[in-house]
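Next come the chains, spelled out residue by residue.
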Amino acid sequence: MGCAISVSAVGKKRKKSIREVTVFVPSLRVPVQSDLQKTLRGLIPKDLVDRISSLRNQIVLVAEDTGGSAISELQKALEDYLSLLLGLTNKEYGLQELVEFKWKDLDNDRQEICVANSWFELLFVLHTMAMLTLTEANIKLIPKDNGLSERLVSADCMRDAVDLLLKAAGYLDFCVNNVLPLLPPDTKNSLPTDLHESVLEAILNQALAQGTEIQLGLAVQSQNATLPVKRRLACELLTYFGQARCCLSEGNNNGKAGKKHMLFLKCKYLEAKAAAYYYHGLILDKSTEPSCHISAVCCFLAAEELLAESKKACLTFCLADPVTRVPPPWGAMKHLHKKIPETVSKKSQMYGYLLDQEKGLQILPDLLQFQLSLKPDDYELPAPDSAWNSGNWEIPGQPL
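Residues numbered from 1 in each chain as written. Predicted model: local features only at pLDDT ≥ 70, side-chain atom pairs only at ≥ 80, totals over all residues. Heavy atoms only, no water.

Enquirer: Kindly report on the overall build of the protein chain, identifying the contributing residues and their values.
Expert: Scanning the protein chain from terminus to terminus reveals twelve helices and four strands. Of all 400 residues assigned to the protein chain, the portion counted as buried reaches 52%. Taking the intrachain contacts of the protein chain between residues at least 6 apart in sequence as the baseline, contacts between residues at least 24 apart amount to 79%. As displayed, the protein chain has an accessible area near 18900 Å², and 51% of this comes from carbon and sulfur atoms. (Helix = DSSP H or I, 4+ residues; strand = E, 2+ residues; numbered from the N terminus. Buried < 20%, exposed > 50% of the residue type's maximum accessible area, 1.4 Å probe, protein only. Contact = heavy atoms within 4.5 Å. Areas by Shrake-Rupley, 256 points an atom, 1.4 Å probe, with all protein chains shown as cover.)

Enquirer: Please provide a residue-by-residue account of the packing of aromatic side chains, values included.
Expert: All told, the structure shown has ten aromatic pairs when counted by the stated rule. Relative to Phe317, the ring of Phe24 lies with its centre 6.1 Å away and its plane at 65°, an arrangement referred to as edge-to-face. Residue Phe24 is found in the loop between β1 (5–7) and β2 (29–32), and its partner Phe317 is found in helix α10 (residues 290–319); the two are separated by 293 residues along the sequence. In this pair, the class of Phe24 matches that of Phe317, namely buried. A ring pair is formed by Trp103 and Phe124, whose centres lie 5.3 Å apart and whose planes are at 50°; its orientation type is tilted. Taken together, the residues span a long stretch of sequence, with Trp103 in strand β3 (residues 101–105) and Phe124 in helix α4 (residues 118–140) at a distance of 21 residues. Per residue, the accessibility class of Trp103 equals that of Phe124, and both read buried. Three or more aromatic residues joined by ring pairs form one cluster here, namely Phe24, Phe264 and Phe317. Stacked on the ring of Tyr269, the Lys or Arg Arg245 has its end atom at 4.8 Å from the ring centre. (Phe/Tyr/Trp six-rings, centres within 6.5 Å; stacked < 30°, edge-to-face > 60°. Lys NZ or Arg CZ within 6 Å of the ring centre and 35° of its normal.)

Enquirer: Would you mind going over helix α2 (residues 46–66) in detail, with residue names and values included?
Expert: Over its 21 residues, α2 extends 30 Å from the first C-alpha to the last, a length consistent with the 30 Å expected when each residue adds 1.5 Å. Taken as a whole, α2 has its buried residues at Leu48, Val49, Ile52, Ser53, Leu55, Arg56, Ile59, Val60, Val62, Ala63 and Glu64. Looking at the packing, one finds that the buried side of α2 touches β2, α1 (36–40), α3 (71–85), β3 and α4. Of the residues one or two after α2, Gly67 is the one with positive phi, at around 65°. (Expected span 1.5 Å × (residues − 1).)

Enquirer: Explain unusual backbone geometry to me, and be specific about the residues and the numbers.
Expert: Following Asp321, the chain continues into Pro322 via a peptide bond in cis, with omega recorded as 0°. Note on placement: Pro322 falls in the loop between α10 and α11 (331–350).

Enquirer: So, the environment of Thr324: which residues are in play, and what are the values?
Expert: For Thr324, the location among the structural elements is in the loop between α10 and α11. Exposure remark for Thr324: the relative accessible area of 6% places this residue in the buried category. Measuring from C-alpha to C-alpha, the distance between Thr324 and Glu20 comes to 5.5 Å, with 304 residues separating the pair along the chain. Not counting chain neighbours up to four residues away, the residues in contact with Thr324 comprise Ile18, Arg19, Val21, Lys260, Phe317 and Cys318. Among the polar contacts made by the side chain of Thr324, one reaches the side chain of Lys260 at a distance of 3.1 Å. (Polar contact = N/O pair within 3.5 Å; in protein donor to acceptor, adjacent residues only side chain to side chain.)

Enquirer: Residues and numbers for a negative patch on the surface, please.
Expert: Taken together, the side chains of Asp163, Asp377, Asp378 and Glu380 define an acidic patch exposed on the protein surface. Looking at the secondary structure, you find Asp377 in the segment after α12 (352–357). Given the relative accessible area of 35%, Asp377 is considered partly exposed. (Patch = residues over 30% accessible without salt bridge, like charges linked within 9 Å, V, L, I, M, F, W, Y side chains within 5 Å. Salt bridge = Lys/Arg side-chain N within 4 Å of Asp/Glu carboxyl O. Lys, Arg positive; Asp, Glu negative; His and termini not counted. Charge placed at Lys NZ, Arg CZ, Asp CG, Glu CD.)

Enquirer: How would you summarise α3 if you had to cite specific residues and measurements?
Expert: For α3, spanning 15 residues, the distance from its first C-alpha to its last is 20 Å, which sits close to the expected 21 Å at 1.5 Å a residue. Every buried residue belonging to α3 is among Ile71, Leu74, Gln75, Ala77, Leu78, Tyr81, Leu82, Ser83, Leu84 and Leu85, and all of these are buried. For α3, the secondary structure elements touched by its buried residues are α2, β3 and α4.

Enquirer: I'd like a description of the side chain of Gln75, backed by residues and values.
Expert: Within the secondary structure, Gln75 is located in helix α3. Contact partners of Gln75, with chain neighbours within four places excluded, come to Met129, Leu132 and Thr133.

This is the structure we're talking about:
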């Protein structure tokens, strides 16, 4: 079926810079040059072989030369390559397990994987498209003037980022439900950890969570968004991040990348829980019942404690290898970093006498569960390139 993991000194060394992470993007994988022409020569027309090989090599060169930063160019090349690749997955041509495809981790030039399976190649292409889309969403949320201590992200950039996150989730959802089931067991076993089903589902849920996080930020900025709407978004956010953590914990993610990812999800989970308790407390506080005021203060105190834990978790994430910059608060968390301490101070003083009198009522209430709103985009593979119409093929000396 192919070789599992091999080590080879390939590629150029790129200058490492300390990145800022708003949307967590696992390592980007890129193809390694393979001699497709030698394998496919005489089996399909020469011009089709040349196009497949040329497009794949173009992806290799662009990724190597730019370190994956030429997102639009890479996405266009991958989409063009995808329609050509689909012919190799067609059983009619008998080429599914003929060509050996090689890929590597862009952050670790020495780590390669090669497998002779065209569905394996399709999985890696779609995964790379998803990672590039997440990278684009991350860029949208980091202003070009990044030296400011105050993070200002425009509403348009936030909406664009939501669209990109749902698009990335669509790629990942298609991988999990439509590509992984077609891989033979030994090919699945040879996949790197970040392409295991549980990890793909974790990133998918994370993308939906961060889309919800941005929606909460937009709701905070809107005068028309009600408290129940903000509470619902915060509770949905908590559920998404909880699902992402659960999925990631199912796999064997003890490597550097897996630990970094888990720390990111822990930080975001704590932030989401703080937001959920804060908005739940605000709604409870609108009641006239003393017991509701006590429950509201319990929510505010819990939110304050969770917020402090999230700051520590964020610092731990940033210091974990590879080191990343500590981002300034933005969106909903920028608002909550200010409002939660203020509310705790104000309400503790206001209802201090109730807390002293009714110690038995100081129980943290349960958060509400809501049906999740965001879903991955529906992704469909493009039509196979018209060059795969074998009725027009002419291959001298080779019977079809």
